[in-house]
Amino acid sequence: MISCTGKLEKNKQSEGVSRDSAPTTNSEFYINTIDNERLASISLTGERSLLTIGTKSYWGTLKTTEKRKYYDANDGLAYVIKYGEASFKLKDENDQLRWKVKLTDEYIKIANNEEMENTYRISRSSKGKIKVKQHDKELAVIPFVPNNHSIEIGKQYHLINFGHSLAIGVMMLEDMPLSERFLLVAELLRLGK
């Protein structure tokens, strides 16, 4: 089982992603443009998540131990996160798979299909750099800046309160819609990744 601290733990009852622990130490995260214009904010409190993306808001709540639902400002279902064994899936309001995420202590793999073909791999190098790859092709390298509450990545984003989370790498997946990037980032932060 992968706990919210990101450590691999064994559970005799089941193996899956634990969603019942507290979120990471910072519960407010901000994603800005490089010019410091706010793109999104993520607030994680208890079992609830609030994402503000421009003028749109999504709020998520844990419905069962296997599912978190995200609603829009009109309380319409927008997305569903379904948790599995060391993984989770982002599905749209019609239950169509958007992204599947596999988690280990060393890396995150993300694909837009059940078979995990053409995956993105986000990992940390021995020097602390976050690397984003697809098929052995390096798409991005994000340097490690110790004790810094903000980081600029890809000459596109200025992230605040992310620490050195692997979730930062999701921001470099340009073929993923921004709202879905932010949702995956929120879930990864909640899980301590």
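If you're wondering where the values come from, they're calculated on a predicted model, not measured in any experiment.

## Section: the overall build of the protein chain
Moving on, step 1. Along the protein chain, the regular secondary structure elements total 1 helix and 14 strands.
Moving on, step 2. Put simply, 36% of the contacts in the protein chain that link residues at least 6 apart link residues at least 24 apart.
Moving on, step 3. When the accessible surface of the protein chain is totalled, it reaches about 10000 Å², and 44% of it is carbon and sulfur.

## Here we look at the pairing of strand β14 (residues 157-160)
Moving on, step 1. Going residue by residue along β14, you find Y157 and L159 tucked away on one face and H158 and I160 tucked away on the opposite face as well.
Moving on, step 2. Direction of pairing for strand β1 (residues 28-33) relative to β14: antiparallel, over a ladder of 4 bridges. Within the sheet, the bridge partner assigned to Y30 lies in β14 and is I160.
Moving on, step 3. Here strand β13 (residues 150-153) pairs with β14 via 4 bridges, running antiparallel. Among the inter-strand pairings, E152 is bridged to a residue of β14, identified as H158.

## Quick look at the environment of L173
Moving on, step 1. Among the structural elements, L173 can be located in the loop between β14 and α1 (178-190).
Moving on, step 2. Residue L173 is classed as buried on the basis of its relative accessible area, which comes to 0%.
Moving on, step 3. Along the backbone, L173 and Q134 are 39 residues apart, and their C-alpha atoms lie at a distance of 9.8 Å.
Moving on, step 4. Not counting chain neighbours up to four residues away, the residues in contact with L173 comprise I110, Y120, V132 and R181.

## Section: the confidence of the model for the protein chain
Moving on, step 1. When the pLDDT values of the protein chain are averaged, the result is 85; 87% of them are 70 or greater.
Moving on, step 2. A low-confidence stretch, residues 1-16 (pLDDT under 50), is modelled with 40 contacts involving residues beyond four sequence positions or located in other chains.
Moving on, step 3. A low-confidence stretch, residues 18-26 (pLDDT under 50), is modelled with 20 contacts involving residues beyond four sequence positions or located in other chains.

## Brief notes about the environment of E114
Moving on, step 1. Assignment of secondary structure puts E114 in the loop between β9 (107-111) and β10 (120-124).
Moving on, step 2. A relative accessible area of 35% places E114 in the partly exposed class.
Moving on, step 3. As for E114 and V101, which are separated by 13 residues in sequence, their C-alpha atoms are 9.7 Å apart.
Moving on, step 4. Filtering out sequence-adjacent residues up to four positions away, E114 remains in contact with K89, L97 and K100.
Moving on, step 5. A polar side-chain atom of E114 sits 3.0 Å from a polar atom in the side chain of K89.

## Overview of the packing of aromatic side chains
Moving on, step 1. Here the structure, examined in full by the defined rule, presents 4 aromatic pairs.
Moving on, step 2. Aromatic side chains F29 and F162 sit 5.5 Å apart centroid to centroid with 65° between the ring planes, which places their arrangement in the edge-to-face category. Of this pair, F29 sits in strand β1 while F162 sits in the loop between β14 and α1, and the two are 133 residues apart along the sequence.
Moving on, step 3. When the ring centre of Y107 is taken as origin, the NZ or CZ atom of R121, which lies over that ring, is 3.9 Å away.

## Description of the pattern of salt bridges
Moving on, step 1. As enumerated under the stated definition, the model contains 7 salt bridges in all.
Moving on, step 2. Here E180 and R98 are joined by a salt bridge, their closest N and O atoms 2.8 Å apart. Remark: R98 occurs in strand β8 (residues 97-103) and E180 occurs in helix α1; sequence separation between them is 82 residues.
Moving on, step 3. Within the structure, one salt-bridge network assembled from shared partners comprises K82, K91 and D95.

Definitions and limits used
- Residues numbered from 1 in each chain as written.
- Predicted model: local features only at pLDDT ≥ 70, side-chain atom pairs only at ≥ 80, totals over all residues.
- Heavy atoms only, no water.
- Helix = DSSP H or I, 4+ residues; strand = E, 2+ residues; numbered from the N terminus.
- Contact = heavy atoms within 4.5 Å.
- Areas by Shrake-Rupley, 256 points an atom, 1.4 Å probe, with all protein chains shown as cover.
- Buried < 20%, exposed > 50% of the residue type's maximum accessible area, 1.4 Å probe, protein only.
- Pairing = 2+ DSSP bridges.
- pLDDT = per-residue confidence, 0-100.
- Polar contact = N/O pair within 3.5 Å; in protein donor to acceptor, adjacent residues only side chain to side chain.
- Phe/Tyr/Trp six-rings, centres within 6.5 Å; stacked < 30°, edge-to-face > 60°.
- Lys NZ or Arg CZ within 6 Å of the ring centre and 35° of its normal.
- Salt bridge = Lys/Arg side-chain N within 4 Å of Asp/Glu carboxyl O.

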